[in-house]
Amino acid sequence: MGQNGQSPEQDLNQLLKVRHDKLKDLQDNGKDPFQITKYEVTNHSQEIKDHYDSLEGQTVSIAGRMMFKRVMGKASFCNVQDLEGNIQAYVARDNIGEDSYKDFKKYDVGDILGIKGEVFTTKTGEISIHAQEVTLLSKSLQILPEKYHGLTDTDARYRQRYVDLIMNAEVKDTFIKRSKVLSSIRRFLDAQGFMEVETPMLVSNAGGAAARPFETHFNALNEDLKLRISLELYLKRLIVGGMERVYEIGRVFRNEGLDTRHNPEFTLMELYQAYTDYHGMMDLTENLYRYVAKEVTGSEILTYGEHEMDLSKPFERITMVNAVKKYANVDFDQIKDTEEAKKLAKEHHIEYEARHKKGDILNLFFEEYVEEHLIQPTFVMDHPIEISPLTKKKPENPDYVERFEFFMNGWEMANAYSELNDPIDQRARFEAQEALLAAGDEEANHTDEDFLNALNIGMPPTGGIGYGIDRMVMMMTNSPAIRDVLLFPTMKSLEK
């Protein structure tokens, strides 16, 4: 029970009522904070601390949320938190005036204040602001948690990210870094002559990846549409149109499960470069990751959990067949056909489906035996054709394609191709996908006639790649789950 034998809920209601009463009192006295439309901020907290030598004795104005208040008779201390951090303010009755001081004593933790005053250092050596004016800019009518417990309140943290950002400085830092990841990617690609473009999210044919789409209805045209699962097919149309280097950073949507690395809407970056191949994409990826890591973390060595990943060295390059040979001790070059591959899978207790062919089973071996070992940056190259419907075959071995997946920390971080530009081969691959669709594979692609028409117009040899931006941010911020790097992750609705 709470105070006076009341339940915690009654206590909370009483505290909230007090805040509402304080607001009404302010409004009745012509001091409604919600009538204030702007406040002139001259400096932020960290900037004042960093430039104390030049700002000492100067008058500054800061604004932010009051996170702490200690009233001591005629003088008080409070702590204000802004974008950069927090700073202490010394608020004395004789400096701000009796009425103002009376009002200040009634302000609550969580209220948003503007404080104007001189920069000085207290006797204890803390850089502070000696207030001349205190302005209430917004009244907080809800109570902030005493302490936000990371583990016990993860659900609440994700649902009420605004509270999480207020209470946890490291959370705010993660999202500042996320923003830096995006801006540094753009700087890097712009310097390489890439052009950022935007393509449709609502599409009649969701292709370019193996995933189940979300479906919706467009009333004006009375047509069913899908949310895109990939950026690929429109970006390639632009390569056909002569835009030689294009990229898009955008949300894509996949109607699939939730876990620590998957959210149904996530940020994907795809880029396409004419007149290069998957080797060109490897070089670009290596340089891009190094650049972003240096810009965002200050180092080319990333720490994630218990692992250190060294981006300063050349990234390892290994074929999928050789990777399986290395970690599973099975040589798929020696496997004659699908029948033999399935027999091998049974011996190794690897589950497969009736429709799976030799290439699918190679991939299952790779997932089972290899992925967890790929901690350092590694390009796994030359995938089987069965799992790569949009990729150019290797001229010397048409069972395999010019594709790589980029791995770090045992995760796939990017997927790249020498893009298929043969419209006849592409049509045959789409037909194979349609057959899978008819057999019940909800992730298979429909034939995209307009895309085939674009290929018929003629697409130059092209290298293309897709990067999972959320995983990249997880890596750059040492965040354990994808929800930690999404400001507003998808959550199950709370029961009403």
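Above this note sits the structure.
Residues numbered from 1 in each chain as written. Predicted model: local features only at pLDDT ≥ 70, side-chain atom pairs only at ≥ 80, totals over all residues. Heavy atoms only, no water.

A. Region of the structure containing the nonpolar core. Membership of the largest hydrophobic core comes to 45 residues, with the highest contact counts inside it found for Ile 185, Met 269, Leu 271, Tyr 289, Phe 404 and Tyr 467. Residue contributions to this core peak at 9 residues, all from helix H10 (residues 278–297). If near-sequence neighbours (up to four positions away) are discounted, Tyr 289 is found in contact with Leu 311, Phe 315, Phe 406, Met 408, Met 413, Tyr 467, Met 472 and Met 476. (Core = buried A, V, L, I, M, F, W, Y, C linked by side-chain atoms within 4.5 Å. Buried < 20%, exposed > 50% of the residue type's maximum accessible area, 1.4 Å probe, protein only. Helix = DSSP H or I, 4+ residues; strand = E, 2+ residues; numbered from the N terminus. Contact = heavy atoms within 4.5 Å.)

B. Geometry of the environment of Met 269. Mapped onto the fold, Met 269 is located in strand S11 (residues 265–274). A residue is classified by how much of its surface remains accessible, and Met 269, at 0% relative accessible area, is buried. Spatially, the C-alpha atom of Met 269 lies 8.1 Å from that of Ile 465, the residues being 196 residues apart in sequence. The contact partners of Met 269, leaving out residues within four places of it in the chain, are Ile 185, Leu 189, Leu 231, Tyr 247, Glu 248, Ile 249, Leu 288, Ile 465, Gly 466, Tyr 467 and Ile 469.

C. The arrangement of the sheet that holds strand S4 (residues 112–121) in detail. On the basis of which strands lie adjacent, the closed barrel formed by 5 strands has the order S1-S2-S3-S5-S4 and mixed pairing. The sheet shows a mean angle of 55° between the axes of neighbouring strands, direction not considered. Of the pairings in the sheet, the one linking strand S1 (residues 59–72) to strand S2 (residues 75–82) comprises 7 bridges and is antiparallel in character. Within the sheet, the bridge partner assigned to Arg 70 lies in S2 and is Phe 77. (Pairing = 2+ DSSP bridges. Axes fitted to C-alpha atoms, helices over the stretch in contact; angles between N-to-C directions.)

D. Molecular detail of the layout of surface pockets. Volume-wise, the second largest pocket comes out at about 390 Å³. Around the second largest pocket, the lining comprises 15 residues; the ones closest to its centre are Leu 15, Arg 19, Ile 143, Leu 144 and Glu 146. Top contributing element to the lining of the second largest pocket by residue count: helix H1 (residues 8–28), with 7 residues. Residues belonging to the lining of the second largest pocket are distributed by class as follows: 10 nonpolar, no polar and 5 charged. (1 Å grid on protein atoms, 1.4 Å probe; cavity = no way out; pocket = protein on both sides within 12 Å on 5 of 7 lines; lining within 4 Å. Points joined across faces, edges and corners; volume = space filled by probe spheres on them. Nonpolar A, V, L, I, M, F, W, Y, C, P; charged D, E, K, R; others polar.)

E. Here's a closer look at the sheet that holds strand S7 (residues 202–203). One open sheet accounts for 3 strands, arranged S7-S9-S8; its pairing is antiparallel. Each edge of the sheet is formed by a strand with only one pairing partner; in this case those strands are S7 and strand S8 (215–218). In terms of strand pairing, S7 meets strand S9 (residues 223–227) through 2 bridges, oriented antiparallel. Note that in S9 the partner of Leu 202 across the bridge is Leu 227.

F. Structural view of the packing of aromatic side chains. One pass over the full model with this rule turns up 15 aromatic pairs. Judged by centre distance (6.3 Å) and plane angle (25°), the ring pair of Tyr 101 and Phe 104 falls under stacked. A residue pair is termed a helical-turn pair when its members lie 3 or 4 positions apart in one helix, as Tyr 101 and Phe 104 do in helix H5 (residues 98–106) at 3 residues. Here Tyr 101 falls in the buried class, since its relative accessible area comes to 3%. A relative accessible area of 0% places Phe 104 in the buried class. Measuring from centroid to centroid gives 5.2 Å for Phe 379 and Phe 406, while their planes differ by 40°, and the two rings are tilted. (Phe/Tyr/Trp six-rings, centres within 6.5 Å; stacked < 30°, edge-to-face > 60°.)

G. Quick peek at the side chain of Gln 88. Locating Gln 88 in the fold gives a position in strand S3 (residues 85–92). At 3.0 Å, the side chain of Gln 88 forms a polar contact with the side chain of Ser 128. Discounting chain neighbours no more than four positions away, the residues touching Gln 88 are Phe 77, Cys 78, Asn 79, Thr 122, Glu 126, Ile 127, Ser 128 and Ile 129. (Polar contact = N/O pair within 3.5 Å; in protein donor to acceptor, adjacent residues only side chain to side chain.)

H. Spatial organisation of the pattern of salt bridges. In the structure shown here, the tally under the stated rule is 38 salt bridges. Linking Arg 251 and Glu 265 is a salt bridge whose minimum nitrogen-to-oxygen distance equals 2.9 Å. Of this pair, Arg 251 sits in strand S10 (residues 245–253) while Glu 265 sits in strand S11, and the two are 14 residues apart along the sequence. By relative accessible area, which is 28% here, Arg 251 ends up partly exposed. With a relative accessible area of 28%, Glu 265 lands in the partly exposed category. (Salt bridge = Lys/Arg side-chain N within 4 Å of Asp/Glu carboxyl O.)

I. Quick peek at unusual backbone geometry. Despite not being glycine, Asn 222 shows a phi value in the positive range, around 50°. Mapped onto the elements, Asn 222 comes out in the loop between S8 and S9. For Asn 478, which is not glycine, the phi dihedral falls at a positive 55°. Relative to the assigned elements, Asn 478 resides in the segment after helix H16 (469–477).

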